[in-house]
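Understanding the architecture of this molecule
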Amino acid sequence: MKRTILSVLAHPDDESFGMGGTLAKYAASGVDVHLICATRGEAGEVDPEYLEGYSSIANLRVHELNCAVKELGIEPVRMLKYRDSGMTGSADNQHPQALINASLDQVAGEIADTIREIKPQVVLTFDPIGGYRHPDHIFIHEAATKAFKLAGDPEHPGNYPPFQPERLFYHTIPRYFIQFNVRLLKRLGKDPTKYGKNHDIDLTQMAVDEFPVHARINYAEYKDRKVAAAACHVSQGGHGLTRGFVRWLSWLLGARSVDQFMQAIPEPNSMSIKEDLFL
Ligand SMILES: [Zn+2]
């Protein structure tokens, strides 16, 4: 039987700075790995030098995303047509096309349609706090969770017949890494509640939210693919502290070449930690 994974994310670079190692590993083992990206990353900070030859930040970032998808060895990305929202309080959040201003039902319906079309056994998305509380990540977490249920609901209309995937997983960030860094920042005299360029990332809150881990995927053999994919997002590798933060998280996640997942559906009936999302 053909094995298929669908990863549902928000921005160009979420795949490479997040669960890219897992996606590359499964793609290399013959699984059809699909990616939905909800926005084109319009709100990302880009140094002008990277924009040369591109008509917009969105075009540049989609170009970077296509490069990353090739490096990961997964299927061509499926874009939704929403606009990147910024962190809480950002002016980008006022844009009428901003993802966070969209209808949750509509976005979930679009994702459910893709689920019915490609029939994945496994669906992956952000954890309930979107990794680091990015509003778009939280929105996509909610939309993908809703879509997982809608796809199998015969009452839900759509362009394809109902299909119910088997498992829904949330990618989570190891808390002890964050707790370690909270202590480190305090020792350095920095305020861990006001981290990032806009001082809008509260690491202490991230260190508190704990999600259970039901699967650990070791992608050490494919780490070079994740590194190559992350390198495609050259415009996001600059000096901004927010970007620095995302890179730092990426480094934390990549330090042991292990991705952690919480199994949301069905609720796991054993405490043992899986090493395969299909088992
Ligand atoms: Zn993101």
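Since the structure is predicted, the reported quantities are computational estimates derived from the model, not experimental observations.

Regarding the overall build of the protein
- A count of helical and extended segments in the protein gives ten helices and seven strands.
- Its C-alpha radius of gyration of 18 Å places the protein within 12% of the 19 Å reference for a compact globule of 279 residues.
- Overall, the protein is about 55 × 45 × 30 Å in size when its C-alpha atoms are taken along their principal axes.
- Relative to its 279 residues, the protein shows a buried fraction of 54%.

With respect to the coordination of the zinc ion
- Looking at the zinc ion, one finds its protein donor set to be H11 (ND1), D14 (OD) and H137 (NE2), positioned 2.0 to 2.1 Å from the metal centre.
- Taken in sequence order, the residues that donate to the zinc ion follow the motif H-x2-D-x122-H. In this pair, H11 is assigned in the loop between strand 1 (4–9) and helix 1 (14–17) and H137 in helix 6 (residues 135–151), connecting sequence segments 126 residues apart.
- Taking relative accessible area as the criterion, H11 reaches 5% and is therefore assigned buried.

Some points on the nonpolar core
- Within the largest apolar cluster, 57 residues are counted, with the highest numbers of intra-cluster contacts made by V107, I111, L124 and L277.
- With residues up to four places along the chain from it excluded, the contact list for I111 reads V8, I36, L80, A143, A144 and A147.
- If you look at the next biggest cluster of nonpolar residues, it comprises ten residues, including I173, V182, M206 and A207.

Topic: the pairing of strand 3 (residues 78–82)
- Alignment of strand 2 (residues 32–39) against strand 3, held across three bridges, turns out to be parallel. Across the sheet, T39 pairs through a bridge with Y82, a residue of strand 3.

Here we look at the pairing of strand 4 (residues 122–126)
- Taking burial as the measure, the five residues of strand 4 include five buried ones, the bulk of the element.
- In terms of strand pairing, strand 4 meets strand 5 (residues 167–172) through five bridges, oriented parallel. Within the sheet, the bridge partner assigned to L124 lies in strand 5 and is F169.

Quick word on the state of the cysteines
- Taken as a whole, this structure holds one disulfide when the rule is applied.
- With a sulfur-sulfur separation of 2.0 Å, C67 is cross-linked through a disulfide to C232. Residues C67 and C232 are joined through a disulfide that is left-handed, its torsion about the S-S bond being -60°. Note that C67 is positioned in helix 3 (residues 57–72) and C232 in helix 9 (residues 223–232), a separation of 165 residues in sequence.
- By relative accessible area, C67 is classed as partly exposed at 29%.

Things to note about helix 7 (residues 175–187)
- In a regular helix each residue adds 1.5 Å, so 13 residues correspond to 18 Å; helix 7 covers 18 Å between its end C-alpha atoms and thus fits that length.
- Listed as buried for helix 7 are R175, F177, I178, N181, V182 and L185. Buried residues in helix 7, looked at end-on, bunch into an arc of 155°, giving them a common side.
- Once helix 7 finishes, G189 follows within two positions and takes phi at roughly 80°, a positive value.

Focus: the packing of helix 3 against helix 9
- Interaxial distance between helix 3 and helix 9 falls to 8 Å at its minimum, and their mutual angle equals 170°. Comparing their axes, helix 9 and helix 3 come out roughly antiparallel. Residues E64, C67, A68, E71 and L72 of helix 3 form the contact with helix 9, whose own contacting residues are R225, K226, A228, A229 and C232.

A look at the side chain of D136
- The topology assignment puts D136 in helix 6.
- At 8.5 Å, R83 is the nearest oppositely charged side chain to D136, a buried residue that forms no salt bridge.
- Setting aside anything within four residues of it in sequence, one finds D136 in contact with A10, H11, T39, D84, S85, L99 and I100.

Description of the sheet that holds strand 5
- Ordered in space as 3-2-1-4-5-7-6, the seven strands form an open sheet in which the pairing is mixed. Strands at the two margins of the open sheet, each flanked by one partner only, are strand 3 and strand 6 (215–218). Each adjacent strand pair in this sheet contributes to an overall mean axis angle of 25°, direction not counted.
- Across the sheet, helix 6 is in contact with strand 1, strand 2, strand 4, strand 5 and strand 7 (258–265); its angle to strand 4 comes to roughly 155°.

Reading the values: the criteria
Residues numbered from 1 in each chain as written. Predicted model: local features only at pLDDT ≥ 70, side-chain atom pairs only at ≥ 80, totals over all residues. Heavy atoms only, no water. Helix = DSSP H or I, 4+ residues; strand = E, 2+ residues; numbered from the N terminus. Rg over C-alpha atoms; globule rule 2.2 N^0.38 Å. Buried < 20%, exposed > 50% of the residue type's maximum accessible area, 1.4 Å probe, protein only. Donors = N, O, S within 2.8 Å, 3.2 Å for Na, K, Ca; no water. Core = buried A, V, L, I, M, F, W, Y, C linked by side-chain atoms within 4.5 Å. Contact = heavy atoms within 4.5 Å. Pairing = 2+ DSSP bridges. Disulfide = S-S within 2.5 Å. Expected span 1.5 Å × (residues − 1). Arc of directions from axis to C-beta. Axes fitted to C-alpha atoms, helices over the stretch in contact; angles between N-to-C directions. Parallel < 35°, antiparallel > 145°, perpendicular 65-115°, else oblique. Lys, Arg positive; Asp, Glu negative; His and termini not counted. Salt bridge = Lys/Arg side-chain N within 4 Å of Asp/Glu carboxyl O.

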